[in-house]
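This is what each chain is made of:
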Amino acid sequence: MSKLREISVWLISDRRMSRLHRQFLGQSGPTDVLTFQHGEIFISVETAKRHAHIFGNPFVRELHLYIVHGLLHLHGFDDQTPGEARKMKNVQEKILNDAL
């Protein structure tokens, strides 16, 4: 893993996220966050608003969660298996609880 000079966080629409999701992962529909190893984190604002409502989180906390999630991906974390997802979620929650 190489050091990044900068990280960009893009707040985008579900429509744009759907296009990125299909183009890079071959999956249809929007997702909450996509991270690219060159330091780009794309967050769907519309999905964040929906998830905040569903999970009872303030919208800003949901955005913070997605940013932390993207940063963890940039640090080598993955969430493709249930075990990896659980580990990543635990680290996310610790970071969010300690930082906020």
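Scoring rules and cut-offs
- Residues numbered from 1 in each chain as written.
- Predicted model: local features only at pLDDT ≥ 70, side-chain atom pairs only at ≥ 80, totals over all residues.
- Heavy atoms only, no water.
- Helix = DSSP H or I, 4+ residues; strand = E, 2+ residues; numbered from the N terminus.
- Contact = heavy atoms within 4.5 Å.
- Polar contact = N/O pair within 3.5 Å; in protein donor to acceptor, adjacent residues only side chain to side chain.
- Patch = residues over 30% accessible without salt bridge, like charges linked within 9 Å, V, L, I, M, F, W, Y side chains within 5 Å.
- Areas by Shrake-Rupley, 256 points an atom, 1.4 Å probe, with all protein chains shown as cover.
- Salt bridge = Lys/Arg side-chain N within 4 Å of Asp/Glu carboxyl O.
- Lys, Arg positive; Asp, Glu negative; His and termini not counted.
- Charge placed at Lys NZ, Arg CZ, Asp CG, Glu CD.
- Phe/Tyr/Trp six-rings, centres within 6.5 Å; stacked < 30°, edge-to-face > 60°.
- Buried < 20%, exposed > 50% of the residue type's maximum accessible area, 1.4 Å probe, protein only.
- Lys NZ or Arg CZ within 6 Å of the ring centre and 35° of its normal.

Moving on, we come to the environment of Thr-47. With respect to the helices and strands, the residue Thr-47 is situated in helix H2 (residues 45-55). In the structure, Thr-47 is positioned 31 residues away from Asp-78 in sequence and 21 Å away in space, judged by C-alpha atoms. Not counting chain neighbours up to four residues away, the residues in contact with Thr-47 comprise Asp-14, Pro-30, Thr-31, Asp-32 and Tyr-66. Here the side chain of Thr-47 touches Arg-50 through a polar contact of 2.9 Å, side chain to side chain.

A few words on a positive patch on the surface. On the surface, a cluster of positive charge is made up of Arg-15, Arg-16, Arg-19 and Arg-22. Following the sequence through the fold, Arg-22 ends up in helix H1 (residues 14-25).

By convention here, two paired aromatic rings are described through the distance between centres and the angle between planes. Evaluation of the coordinates by the stated rule reveals three aromatic pairs. On the basis of an interplanar angle of 15° and a centroid distance of 6.0 Å, the ring pair of Trp-10 and Phe-42 is categorised as stacked. Of the two residues, Trp-10 sits in strand E1 (residues 8-12) while Phe-42 sits in strand E3 (residues 40-44), which places them 32 residues apart along the sequence. The exposure class assigned to Trp-10 is partly exposed, which follows from its relative accessible area of 41%. The class of Phe-42 is buried, set by a relative accessible area of 9%. Between the aromatic rings of Phe-24 and Phe-36, the centroid separation amounts to 4.9 Å while the plane-to-plane angle is 70°, which identifies the pairing as edge-to-face. Residue Phe-24 is found in helix H1, and its partner Phe-36 is found in strand E2 (residues 33-36); the two are separated by twelve residues along the sequence. On the basis of relative accessibility, which here comes to 19%, the residue Phe-36 falls in the buried class. A cation over an aromatic ring shows up here: Lys-49 above the ring of Phe-59, its NZ or CZ 5.8 Å from the ring centre.

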